Amino acid sequence: MLLKTFGLVLGCLLCTFITKCSGVKLVNNGYRDIVIAINPDVFDENLIESIKEMVLEASTYLHRATKQQLYFSEVKILLPFTWTVNSSLVQRSTTQSYAKADVIIAEQYLKHGDTPYTLQYGGCGEKGRYIHFTPNFILNDSLASAYGPRGQVFVHEWAHLQWGVFDEYNDLAPFYINSDGIAEATRCSKEIKGKTVDCTDTSCTPCNIDANTRLPNGNCKFFPEKDQSSSSSIMYVQGLPNVGEFCDDKTHNTEAPNMQNRMCNYRSTWDVISKSEDFRNISSPHTGSVIPTFTLLQAKNRVVCLVLDVSESMGLENRINKLRQAAKIFLLQIIEEGSHVGIVTFHSIASTVSKLKLIAGDNARDELVQLLPTSASGGINVCAGILSGLEVLRADDGAAIGDEIILLVLGEDSGISGCFAEVEQSGAIIHTIATGTNAAEELEQLSVMTGGLQFLAACSLSTSGLIDAFSGLVSANGDINQQSIQLENSGTRIGKDTWFNGTVVIDKTIGNDTFFVVTWEVQTPDVFVHDPSGKIYNNHDFTIDQTDHTAYLKIQGTAQTGTWIYRILNPGMKQIVTITVTSRAADAEVPPVNVNAHISQRDSTSPMIIYVEITQGFLPVLYANVTAIIERPSGPPIEQELYDDGLGADIIRNDGVYSKYFLRFNGAGRYSVKVHVQGKERITRMAVRRGGRALTTSQYTENGNIQSHSAKLPVKEEDLVALFEGFSRVKSGEAISLPSETLTVDFPPCKITDLQATIVKNKVELEWTAPGGDYDQGKASRYEMRMSDNLLQLRNNFFSATLVNLASLKPRPYGSRETATIVPENTELQNGATLYFAVCAYDENDLFSEMSNVAKASAFLPLSEHPNDVNISVIVSIIAIVVFIVCLIALITNCVLNSLSQKRIFADEE
């Protein structure tokens, strides 16, 4: 039974981080346990009723859109801990938190954009991270003129979140040339009617047509008619009154250059949705009520108990001292003011070292630090520690519901499952820190079953893995201004009279409560910290604790912005020295740059994917340098650069999500990631959120006229400024356990997603980015490209399409640009001809990638080669006609004159 249970838990651990195994459930056609969380910075209790109205409307709309099969059954609204509400109407939250909510209600930074969107990291059919609505969107009825009824918008975003489909419009390519050579608006379905006009001035005018592309140019837009005969599609424009269905195979527009076609291999949204796991679990349509039930939840201030392993194994290799160093940083800097903290230690028995103590100033923090363990001995009994920790948590109000245990374990204990029932019944959240590979495999199950986090701190701590883990345990209540932000965490082994130097950037979004903490093993080093103005702090300015070999410096007030330099000299024998720098937000009105790191694996034979999201508020931060450091079950850590380029593991270019596959496995077991982020001075900037956004319909066609309605429309790119002089961040991601199946997999090349084809002078020029031999690493062995004059035939029967000869092209390493020029055989590139191309890449073992995106190449004569967009052929024709008319007039005139001349001759003769 235990093996079966562990197998289920391991399966859950292998879900991607966005799948949330313990989150939304589908029971009897109804979605349950949906969590809608309100940010602590929002204060408006009117949101509660408006959220209920939105979800009620959405449930009916979803039922219709899914052909009477699905609806919203149970929804939990998580209120901020800062609200004062009637306790009889609100329940205590358990595993629910703002950080893990399905829908969040929060202000948009730069408060002039209310566009709803869904954050998606994964590919087609993969669940999203969360839906974001602003309070203004929820409360302001006038926004219905821009986005449509809130319930319909909710379903649009739910499709992104739950089923992993994508938008069917494209802001960057609003028009395209169809297979008949006619310009079309990018939409689904093509049956959506409307007008294409330029309405930038006070009146609307016909569009100018680009002479080379034959597409409308300038500020030309497509304005759909308000009343449509077509009912598709929700993923194009959900706001029109008659739109209530997803595009299916009958209505899907495969030619449109949108994200749905690119990401889902030209499949319709309904095809993706109807083949999802949700629909595999449905046996019949739902004919009962679709009215959801609502539960109000509220978290309290954070209550935490440190449950620390002090068994004999923790006494080896200076581990107990490393525990003290990491826990000390947590108590001094990470845990938020107003929290309650207790301490329990355990070996074969457990001891309560400190009951709950309110964190109210430095004195309480210092008192807890003095109680951290200094020695280790005896056996190990993890359950004894957990049960004592639960008793400590119950001391404040008689219950442990929603409280947290931070469980650090090194030794192997086969009896952890013995307290699973009591843990689950308690309602507490358990975060686990496994120090090394010997910790019991059941350890992660405690985190999974309680909604906690899992971290790995390698035993060979040449750096500071334990500090990384404790630093990642910030509050999940959504108050970013409360949270400690790690700016630096690095370490090295240095010899006598050797320097350890580095820099850390304090940007203007942070600076309050800034700490520098240095640790060592044997002898106190000489520490020098230079601020940007040249002031130097040394050992006399640090508080030095010889008991746990730490020195810390707290900068008074708000730390000066700019580059700080640290220089550490080791005066004695070789030892490991580390430095950690943390800070908090400088201004409650300006959110700090924030970093979130995740690792995932889709199934037991898939590669591991590393994701790092960088934002300020909810706006993506671009052009940062991101390095991931991966700890493995054995051997040294591996470093990898992550990119936001829309290639390989990264699905969207410039969305603030940096990604990379990780394939360098060296054994089954736990893997963890830490990331270093550096913002480049005068280069790093914020951007508009792209992808997963509801389309505005503030302008549409009604009775043949363009109607406009004022609303707070999306943030414009030009409204964002490059406000970063540079920044630095360090962030730890959770651990993931990889099974042995993954280690035996030979991975194929990754899918090519940027194939382009252009016809130039009867030749086709092709270009794409080279994949790796194993996903995005190494290089492929060969390419197989095929072409067709029919897109669907190429998509559905790639290997039966016409082969393109690329035998002479030798693949280059991943990320290189590949180019090829071909002359299609037996195909005339006449005016109006359209060809479609796709390519697969092969590795040395003949494993091949998914078929690439389909590139379209159209041959047509441009309307003009003239800079004034005047067609020369037309001019020539006009000139010819004029010449002809002049000649004709001259001929007629000549005939008339001749006739008159003859008459005169006849008259003279008479």
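Structural data are supplied above this passage.
Residues numbered from 1 in each chain as written. Predicted model: local features only at pLDDT ≥ 70, side-chain atom pairs only at ≥ 80, totals over all residues. Heavy atoms only, no water.

1. Some thoughts on the packing of helix α9 (residues 319–334) against helix α10 (residues 362–370)
Then step 1. Across the interface, α9 lies against α10 with an axial gap of 9 Å and an inter-helix angle of 165 degrees. By the angle between their axes, α9 is roughly antiparallel relative to α10. For the pair α9 and α10, the sense of crossing is right-handed. Contacts from R324, K328, L331, L332 and Q333 in α9 reach R365, D366, L368 and V369 in α10.
Then step 2. Classifying every residue of the contact of α9 with α10 by side-chain character gives 4 nonpolar, 1 polar and 4 charged. (Axes fitted to C-alpha atoms, helices over the stretch in contact; angles between N-to-C directions. Helix = DSSP H or I, 4+ residues; strand = E, 2+ residues; numbered from the N terminus. Parallel < 35°, antiparallel > 145°, perpendicular 65-115°, else oblique. Left-handed = near helix turned anticlockwise from the far one by under 90°. Contact = heavy atoms within 4.5 Å. Nonpolar A, V, L, I, M, F, W, Y, C, P; charged D, E, K, R; others polar.)

2. Here we look at α9
Then step 1. Taking 1.5 Å per residue as the helical rise, α9 with its 16 residues ought to reach 22 Å, and the 21 Å between its terminal C-alpha atoms agrees with that figure.
Then step 2. With respect to burial, α9 is a largely interior element, 16 of its 16 residues being buried. (Expected span 1.5 Å × (residues − 1). Buried < 20%, exposed > 50% of the residue type's maximum accessible area, 1.4 Å probe, protein only.)

3. Here's the deal with the pairing of strand β18 (residues 350–358)
Then step 1. Bridging between strand β17 (residues 340–346) and β18 involves 6 bridges; their strand directions are antiparallel. Its bridge partner lying in β18, V341 is registered against K357.
Then step 2. Where β17 folds back onto β18 in an antiparallel hairpin, the turn is made up of 3 residues. (Pairing = 2+ DSSP bridges.)

4. Structural notes on the packing of helix α2 (residues 46–65) against helix α5 (residues 150–163)
Then step 1. Where α2 meets α5, the axes come as close as 8 Å, and the angle between the chain directions of the two elements is 70 degrees. If you check the angle between α2 and α5, you find them roughly perpendicular. Crossing of α2 over α5 shows right-handed handedness. Packed against α2, whose contacting residues are M54, E57, A58, Y61 and L62, the element α5 presents R150, G151, Q152, F154, V155 and W163 at the interface.

5. Quick notes on the packing of aromatic side chains
Then step 1. For the coordinates displayed, the defined rule picks out 28 aromatic pairs.
Then step 2. Summarising the aromatic geometry, the rings of W163 and F246 are spaced 6.1 Å apart at their centres and angled 85 degrees between planes, so their arrangement reads as edge-to-face. Highlighted residues: W163 in helix α5 and F246 in the loop between β14 (220–224) and α6 (259–263), separated in sequence by 83 residues.
Then step 3. The class for W163 is buried, based on a relative accessible area of 1%.
Then step 4. Among the aromatic residues, those joined into a ring-pair cluster are Y31, F72, F133, F137, Y147, F154 and W158.
Then step 5. Positioned over the ring face of F222 is R187, at 4.9 Å from the centre of the ring. (Phe/Tyr/Trp six-rings, centres within 6.5 Å; stacked < 30°, edge-to-face > 60°. Lys NZ or Arg CZ within 6 Å of the ring centre and 35° of its normal.)

6. A closer look at the nonpolar core
Then step 1. In this structure, F133, W163 and F246 are the most contacted members of the largest nonpolar core, which totals 64 residues.
Then step 2. Ranked by residues supplied to this core, first place goes to α2 with 9 residues.
Then step 3. Residues within four places of F133 in sequence aside, it is in contact with M54, V103, I104, I105, A106, P116, I138, V153, F154 and E157.
Then step 4. Counting residues in hydrophobic clusters, the runner-up holds 47 residues, among them V612, V621, V675 and V677. (Core = buried A, V, L, I, M, F, W, Y, C linked by side-chain atoms within 4.5 Å.)

7. Focus on the pairing of strand β12 (residues 194–198)
Every regular strand shows the same layout, with side chains that alternate between the two sheet faces.
Then step 1. Relative to β14, β12 runs antiparallel, the two being bridged by 5 bridges. For D198, the partnering residue across the bridge sits in β14 and is C220.
Then step 2. In this sheet, strand β13 (residues 205–206) lies alongside β12 in antiparallel orientation, the contact comprising 2 bridges. Note that in β13 the partner of V197 across the bridge is P206.
Then step 3. Linking two consecutive strands that pair antiparallel, namely β12 and β13, is a turn of 6 residues.

8. Re the pattern of salt bridges
Then step 1. If you walk through the whole model with that rule in mind, you get 32 salt bridges.
Then step 2. Of the charged contacts, one joins E49 and K52 as a salt bridge, the two residues approaching to 3.7 Å between their closest N and O atoms. Taken together, the positions of E49 and K52, both in helix α2 and 3 residues apart, correspond to about one turn of that helix.
Then step 3. Look at E49 and you get partly exposed, because its relative accessible area is 47%. (Salt bridge = Lys/Arg side-chain N within 4 Å of Asp/Glu carboxyl O.)

9. A word on the state of the cysteines
Cysteine pairs can be linked by a disulfide, which is a covalent bond between their two sulfur atoms.
Then step 1. With the rule as written, the count across this model stands at 5 disulfides.
Then step 2. Between the sulfur of C124 and that of C264 lies a disulfide, 2.1 Å long from S to S. Measuring the twist about the S-S bond at about 105 degrees, one finds the C124-C264 disulfide to be right-handed. On the criterion of sequence distance, the pair formed by C124 in the loop between β8 (117–119) and β9 (130–133) and C264 in the loop between α6 and α7 (269–274) is long-range, its members being 140 residues apart.
Then step 3. Put simply, C199 and C204 are joined by a disulfide, and their sulfur atoms are 1.9 Å apart. Sign of the S-S torsion, about 110 degrees for the bond between C199 and C204, identifies this disulfide as right-handed.
Then step 4. Exposure remark for C199: the relative accessible area of 17% places this residue in the buried category.
Then step 5. Judged by its relative accessible area of 37%, C204 is partly exposed. (Disulfide = S-S within 2.5 Å.)

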